[in-house]
Amino acid sequence: MQRLQGKVAVITGANSGIGLAIAQRFSAEGAQVFMTGRRQANLDDAVRSVGGNAIGVRGDVSNLDDLDRLYAEVARHAGRIDILCANAGGGEFRRLEEVTEDHFDRTFDSNVKGMVFTVQKALPLLCDGASVILTGSTAGSKGTPAFSVYSASKAAVRNFARTWVLELAPRGIRVNVLSPGSTSTAGWHGLASSEEENLTMQRLTREATPLGRLGEAAEIAAAALFLASSESSYVNGSELFVDGGAAQI
């Protein structure tokens with residue numbers, strides 16, 4: 001039996017990487033999937049790869065008008081949300097002396113502001129008992145050189161879950177954080193400024209991870225499926241690390 005049969009799922013940042021893998025897994029498990037991404041061509045390709053009855057809505061989560069347009073489409077096509085996966089976000093390496101106002105604003109606009117309003121504006125459509133999944137990161141729990149702004153933005157995500165479970169408790173809505181470790185996606189590899197730097201990143205990751213390798217997007221999606229399904233019905237306010245043990249040692 002498909003574990004998400006008949007469910008309606010919204011996944012932001014679903015045009016590539018972890019978000020796309022989650023959309024593919026949720027669709028395969030029977031969910032109607034709404035996907036967002038900032039680049040229309042990439043989003044169109046992603047929707048085609050998901051197939052089924054997936055619907056793409058182009059938008060930037062830091063733009064509140066785009067979020068309104070997303071949820072208007074969800075209301076028109078489905079009328080409700082059973083699973084909300086607030087996944088959109090990103091970052092880049094900058095040492096403290098290199099941080100600029102623009103770098104800070106772009107990171108916090110997508111990872112913090114975008115997260116808040118993605119969830120807030122979904123509230124009228126969220127069913128009682130819905131599952132909200134916030135994408136965090138192991139960087140929110142560990143120090144990482146040249147990654148302080150991104151790491152701080154992901155630390156904020158963890159506290160959103162702790163607070164929102166209390167505010168949404170009367171409706172039985174669960175809020176959990178899914179925190180991947182280093183995962184082999186275009187976004188992760190794109191953090192490197194050269195092939196040599198990328199190879200160094202991979203080597204250091206293998207050395208720092210008990211399982212000795214990077215994660216795969218499909219492995220993160222499998223954990224998201226657990227949090228989205230009834231199998232996690234008593235899991236609330238938690239942070240699920242999918243990191244090969246990297247943040248646990």
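Now for a look at the structure at hand. If you're wondering where the values come from, they're calculated on a predicted model, not measured in any experiment. (Residues numbered from 1 in each chain as written. Predicted model: local features only at pLDDT ≥ 70, side-chain atom pairs only at ≥ 80, totals over all residues. Heavy atoms only, no water.)

### Examining the packing of aromatic side chains
Okay, so step 1: Per the stated rule, a full pass over the model turns up 4 aromatic pairs.
Okay, so step 2: Considering the side-chain rings of Phe104 and Phe108, the 4.5 Å spacing of their centres and the 10° angle between planes classify their relative orientation as stacked. Pair noted here: Phe104 and Phe108 are both in helix 4 (residues 101-120), with a separation of 4 residues, about one helical turn.
Okay, so step 3: For Phe104, a relative accessible area of 37% translates into the label partly exposed.
Okay, so step 4: Summarising the aromatic geometry, the rings of Phe147 and Tyr150 are spaced 4.5 Å apart at their centres and angled 25° between planes, so their arrangement reads as stacked. Comparing Phe147 with Tyr150 shows no difference in burial state: the two are buried.
Okay, so step 5: Taken together, the ring pairs connect Phe93, Phe147 and Tyr150 into an aromatic cluster. (Phe/Tyr/Trp six-rings, centres within 6.5 Å; stacked < 30°, edge-to-face > 60°. Helix = DSSP H or I, 4+ residues; strand = E, 2+ residues; numbered from the N terminus. Buried < 20%, exposed > 50% of the residue type's maximum accessible area, 1.4 Å probe, protein only.)

### Brief notes about the nonpolar core
Nonpolar side chains in soluble globular proteins tend to end up buried together.
Okay, so step 1: Within the largest apolar cluster, 32 residues are counted, with the highest numbers of intra-cluster contacts made by Tyr71, Ile81, Leu84 and Leu134.
Okay, so step 2: Every element with two or more residues in this core is listed here: strand 1 (8-11), strand 3 (55-58), helix 3 (64-77), strand 4 (81-86), helix 4, strand 5 (126-135), helix 5 (148-168) and strand 6 (174-180).
Okay, so step 3: Counting residues per element, this core draws most heavily on helix 5, at 6 residues. (Core = buried A, V, L, I, M, F, W, Y, C linked by side-chain atoms within 4.5 Å.)

### Observations concerning the sheet that holds strand 6
Sheets are built from strands paired through backbone hydrogen bonds, the pairs being either parallel or antiparallel.
Okay, so step 1: Taken in spatial order, the 7 strands of this open sheet run 3-2-1-4-5-6-7, and their pairing is parallel. Pairing within the sheet leaves two strands with one partner each, and these edge strands are strand 3 and strand 7 (239-242). Between one strand and the next, the sheet's axes are offset by a mean angle of 20°, whatever the strand orientation.
Okay, so step 2: Judged from the 5 bridges that link them, strand 4 and strand 5 form a sheet pairing that is parallel. Counterpart to Leu84 in the pairing with strand 5 is Val132. (Pairing = 2+ DSSP bridges. Axes fitted to C-alpha atoms, helices over the stretch in contact; angles between N-to-C directions.)

### Some details on the packing of helix 1 (residues 17-28) against helix 2 (residues 40-50)
Okay, so step 1: Packing of helix 1 against helix 2 leaves a shortest axis separation of 9 Å and a crossing angle of 30°. With respect to their mutual orientation, helix 1 and helix 2 come out roughly parallel. Crossing of helix 1 against helix 2: the hand is right-handed. Contacts between helix 1 and helix 2 pair Leu20, Ala23, Gln24 and Ser27 from the former with Ala46, Ser49 and Val50 from the latter.
Okay, so step 2: Of the residues belonging to the contact of helix 1 with helix 2, the class tally is 4 nonpolar, 3 polar and no charged. (Parallel < 35°, antiparallel > 145°, perpendicular 65-115°, else oblique. Left-handed = near helix turned anticlockwise from the far one by under 90°. Contact = heavy atoms within 4.5 Å. Nonpolar A, V, L, I, M, F, W, Y, C, P; charged D, E, K, R; others polar.)

### Quick notes on the side chain of Lys154
Okay, so step 1: Here Lys154 shows up in helix 5.
Okay, so step 2: Beyond its immediate chain neighbours, meaning those up to four positions away, Lys154 contacts Asn111, Thr135, Gly136, Ser137 and Gly140.

### A closer look at helix 7 (residues 195-208)
Okay, so step 1: Taking 1.5 Å per residue as the helical rise, helix 7 with its 14 residues ought to reach 20 Å, and the 20 Å between its terminal C-alpha atoms agrees with that figure.
Okay, so step 2: Of the positions making up helix 7, those classed as buried are Asn198, Met201, Gln202 and Thr205. Each buried residue of helix 7 lies within a common arc of 95° when the element is viewed along its axis, so the set occupies one face. With respect to the buried face of helix 7, the exposed residues turned more than 90 degrees away are Glu196 and Glu207. (Expected span 1.5 Å × (residues − 1). Arc of directions from axis to C-beta.)

### Considerations on the pattern of salt bridges
Okay, so step 1: For the structure on display, the rule yields 16 salt bridges.
Okay, so step 2: Here Glu231 ties to Arg3 by a salt bridge, and the two come within 3.7 Å at their closest N and O atoms. Of this pair, Glu231 sits in the loop between helix 8 (217-228) and strand 7 while Arg3 sits in the segment before strand 1, and the two are 228 residues apart along the sequence.
Okay, so step 3: Exposure remark for Arg3: the relative accessible area of 36% places this residue in the partly exposed category.
Okay, so step 4: Note that Asp82 and Arg80 form a salt bridge whose closest N and O atoms lie 3.1 Å from each other.
Okay, so step 5: In this structure, a network of salt bridges that share partners links the residues Arg3, Arg25, Glu29 and Glu231. (Salt bridge = Lys/Arg side-chain N within 4 Å of Asp/Glu carboxyl O.)

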